[in-house]
Amino acid sequence: MNFKSIKKYIAVASIAVTAGFTSCVHQLDTVPVDPNVDTKDKVYQSVEDYNQGLAKLYAGYAVTGQQGPDGNGDLGGIDEGASQYLRRYWEAQELPTDEAINCWGDPGQPDMSTMTWSTNNTLNEALYYRIIYQISLANQFLRDAADSGFDLTRQRAEARFLRAYSYWHALDLYGNGVPKVTEENSVGSDLPEPWGAQEGRELFDYLVAELESILDDANDEHLVDIGSSMFGQANKGVAHMLLAKLYLNAEVYIGEPHWEDAKKYTDLVVNNYMISDSEKNAVSAYQSLFVMDNYEEYNEIIFSINYFGNQTRTWGGMTYLINAATGGDMDRDMMGAPGWGGNRSMTSLQKYFDGATDERSLFFVHTDDNGNELTEIVDFTQFVQGVQVTKFRNVDSKGNPGDATFAETNFPVFRVADALLMQTEIEWRMYGSAKNDNIRLLWERAGRPTTAVPTVSAEVLLAERARELYWEGHRRQDLRRFNTFTKGTVVPTWPYKGAQTAPGGLTTVAETYEVYPIPSSEIGANPNLTQNKGY
């Protein structure tokens, strides 16, 4: 089977949503309870029915409900497109950093860019409940598959991975005190207890145990091998990468480093994947990872959220990322999108490229330039301000456009280039120094002169991760790991950090903002939960 036919198969699976899975979450102040409102016997009558139920779990990262882009959404109380999982997650990881800023004045939106959100921030609420909803769906699928009479061990392993993936988001964004709910909990019986105290390790340990279990061939429920899955399907390599990410950030999550464990799983990733290093049609090797036919780059893209135009209709996801980045006098045909004019970056990102030749520098060059300094956050039409990013495009590698309304480009969740930089960082942290061979390899692919590859340091690692991974949803994690998200310790402060009216930025903001608040509506509905410190 070639990868074009695999993409077609995944497209069908992504929209083949089981009719019985509909949301009972009609208000954002309601805890998702039982998304399976029909009886199991009616919904699941064959293995194919269960496969479509599993497809709903994958589709939950890409779309917003049963219909799309509007109507019959999974969550109520907010614009459906704005509640989409990838859109909310991307903003939470990118907007408060030196890589991105948004100019819209929608409720809650400016606070995300300026690190001034509160417990009542609507967008934070949507993200929290989207994560909880995904976990609820996975739990219900596992309950239903437990005594089906069919062999569903592979499907259950994938559902357990997807639940772990969302629980990792919960841990990273909200800490250890999120609700503890698995398939073992009776639906709607009692208000869930938290996993533990904010700085505890119960959820971290659970995630490690779950991922190690579905990697073990001695267990009936284990993931398929690397190379035996379709593009965008969870396999052992995807679980290796998630474990590597958990251990890489262990000191942030649980207050103690796990560099040996991080090295073990990062090495497994690096040894089983390779970077795309050849030009493809009209684009560079690097940009081939961010256009519509990036499913052909399966040797580098370890895991993805897949989009297929009219078959995955949403105002979130890649439709949002590409359109929100397009505006002013940018070339709409080149971007493959009409453009909404919302997201851009600042010179703090552009400066990482230092004016050097580098094919990763995918920015719109203004014809009337003031140095791209941003002095007006809320006006995207001032196209000479800020740095407009052209990394993601809704065209293929030949420049052919995709669907005119809904994007067809897949979002790369995990890439081996990330693992290469993780490998270098782990070596540096373990031994105090590291070879710069992996950085050199990425510079060679980017056409950046390799005569000046620097000695590895904290500053070099964060700069290189910005060059390679900007706008891919990693930056907040990286800055936290280097203790420079709320403090200007490794990278300089960036514009608008901590105050909407301060383009010069602040040296520090309150440590409270290291994690997001559990929504006040959730705290009010479940007295077992404790709000994160400082909120």
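The structure under discussion appears in the preceding block.
Now for a quick tour of the structure.

The rules behind each value
- Here the residue numbers are simple positions, counted from 1 along each chain's written sequence.
- Reporting in this predicted model follows two pLDDT cut-offs: at least 70 for local features of residues, and 80 or more for side-chain atom pairs to be given and counted; totals over whole chains, interfaces and linings ignore these cut-offs and use all residues.
- The side-chain numbers reported here are obtained from all heavy atoms of the structure, hydrogens and water having been left aside.
- Secondary structure counts use DSSP, requiring at least four H or I residues in a row for a helix and at least two E residues in a row for a strand, with both numbered from the N terminus.
- Exposure categories follow from relative accessible area, calculated using a 1.4 Å probe and restricted to protein chains: below 20% of the type maximum is buried, above 50% is exposed, and the middle band is partly exposed.
- By the convention used here, residues are in contact when the closest approach between their heavy atoms is within 4.5 Å.
- In this scheme, a helix's expected span is set at 1.5 Å multiplied by one less than its residue total.
- Definitions used for this entry: grid spacing 1 Å over protein atoms alone; cavity, a set of points where a 1.4 Å probe fits but cannot get out; pocket, an open set with protein on both sides within 12 Å along at least 5 of 7 lines; lining residue, one with an atom within 4 Å of a point.
- Grid points are joined across faces, edges and corners, and a volume is the space filled by probe spheres set on the points.
- Structural elements are reduced to axes, namely lines fitted to C-alpha atoms, with helices fitted over the stretch in contact, and the angle between N-to-C directions of any two is expressed from 0 to 180 degrees.
- In this scheme, a crossing is called left-handed if the near helix is turned counterclockwise away from the far one by less than a right angle; it is called right-handed if the turn is clockwise.
- Here, nonpolar core means buried Ala, Val, Leu, Ile, Met, Phe, Trp, Tyr and Cys residues that are tied together by side-chain atoms lying within 4.5 Å of each other.
- Two strands qualify as a pair provided that DSSP identifies no fewer than 2 bridges between them.
- Here roughly perpendicular refers to angles of 65 to 115 degrees, roughly parallel to angles under 35, roughly antiparallel to angles over 145, and oblique to all remaining angles.
- In this classification, Asp, Glu, Lys and Arg are treated as charged, Ala, Val, Leu, Ile, Met, Phe, Trp, Tyr, Cys and Pro as nonpolar, and every other residue, Gly included, as polar.

Observations concerning the overall build of the protein
Right, so step 1: Helices and strands together make up the secondary structure of the protein, namely 19 helices and four strands.
Right, so step 2: Out of the 535 residues in the protein, the part that is buried amounts to 62%.
Right, so step 3: At a minimum sequence separation of 6, the contacts of the protein that also span at least 24 residues come to 70%.

With respect to helix 11 (residues 259–270)
Along an α-helix, a turn takes 3.6 residues, which lines up residues three or four apart on a common side.
Right, so step 1: When the terminal C-alpha atoms of helix 11 are compared, their 16 Å separation across 12 residues agrees well with the 16 Å that a helix rising 1.5 Å per residue should span.
Right, so step 2: Every buried residue belonging to helix 11 is among Trp-259, Ala-262, Tyr-265, Thr-266, Asp-267, Val-269 and Val-270, and all of these are buried.
Right, so step 3: Taken together, the buried residues of helix 11 touch helix 8 (202–215), helix 9 (236–248), helix 10 (250–254), strand 2 (301–305) and helix 15 (416–431).

Side note on helix 12 (residues 317–324)
Right, so step 1: With eight of its eight residues buried, helix 12 lies for the most part within the structure.
Right, so step 2: Inspection of helix 12 places Gly-317, Met-318, Thr-319, Tyr-320, Leu-321, Ile-322, Asn-323 and Ala-324 among the buried residues, and these make up the whole buried set.
Right, so step 3: Where the residues of helix 12 are buried, they touch helix 4 (85–94), strand 1 (101–102), helix 13 (332–335), strand 3 (343–344) and strand 4 (411–415).

Let's talk about the environment of Ala-92
Right, so step 1: Among the structural elements, Ala-92 can be located in helix 4.
Right, so step 2: A residue is classified by how much of its surface remains accessible, and Ala-92, at 0% relative accessible area, is buried.
Right, so step 3: Expressed as a C-alpha distance, the spacing of Ala-92 and Ser-113, which sit 21 residues apart in the sequence, is 8.9 Å.
Right, so step 4: Not counting residues up to four positions away in its chain, the partners in contact with Ala-92 are Met-112, Leu-127, Leu-173, Arg-476 and Tyr-516.

Some words on empty space enclosed by the protein
Right, so step 1: For the coordinates displayed, the defined rule picks out three cavities of 30 Å³ or more.
Right, so step 2: Taken as a whole, the largest cavity encloses approximately 110 Å³ of empty space.
Right, so step 3: For the largest cavity, the lining is made up of 15 residues, of which Tyr-89, Tyr-165, His-169, Phe-411 and Val-413 are closest to its centre.
Right, so step 4: Mapped by element, the contributors of at least two residues to the lining of the largest cavity are helix 4, helix 7 (153–174) and strand 4.

Comments concerning the packing of helix 16 (residues 437–446) against helix 17 (residues 458–469)
Right, so step 1: With their axes 12 Å apart at the nearest point, helix 16 and helix 17 run at an angle of 35° to one another. The two elements helix 16 and helix 17 cross, and the hand of that crossing is left-handed. Contacts between helix 16 and helix 17 pair Ile-439, Leu-442, Trp-443 and Arg-445 from the former with Val-460, Glu-464, Arg-467 and Glu-468 from the latter.

Some words on the nonpolar core
Right, so step 1: Of all hydrophobic cores here, the largest spans 149 residues; its most connected members are Phe-161 and Phe-414.
Right, so step 2: For this core, the leading source of residues is helix 6 (residues 122–146), giving 14 residues.
Right, so step 3: Apart from residues no more than four positions distant in its own chain, Phe-414 is found in contact with Tyr-165, Trp-168, Val-238, Met-241, Leu-242, Lys-245, Glu-300, Ile-301, Ile-302 and Phe-303.

Brief notes about the pairing of strand 4
Right, so step 1: Among the five residues in strand 4, five count as buried, and that is most of the element.
Right, so step 2: Bridge analysis of strand 2 against strand 4 gives four bridges, and the strand direction is antiparallel. Directly across from Ile-301, in strand 4, lies its bridge partner Arg-415.

Things to note about the packing of helix 11 against helix 15
Helices that pack against each other are described as a pair by the angle of their axes relative to one another and the distance between those axes.
Right, so step 1: Contact geometry for helix 11 and helix 15: axes closest at 9 Å, N-to-C directions at 150°. When the axis of helix 11 is compared with that of helix 15, the two are roughly antiparallel. Two packed elements cross with a definite hand, and for helix 11 against helix 15 that hand is left-handed. Residues Trp-259, Glu-260, Ala-262, Lys-263, Thr-266, Asp-267, Val-269 and Val-270 of helix 11 touch helix 15, and the partners they reach there are Val-416, Ala-419, Leu-420, Met-422, Gln-423, Ile-426, Arg-429 and Met-430.
Right, so step 2: For the contact of helix 11 with helix 15, the class distribution of residues is 10 nonpolar, two polar and four charged.

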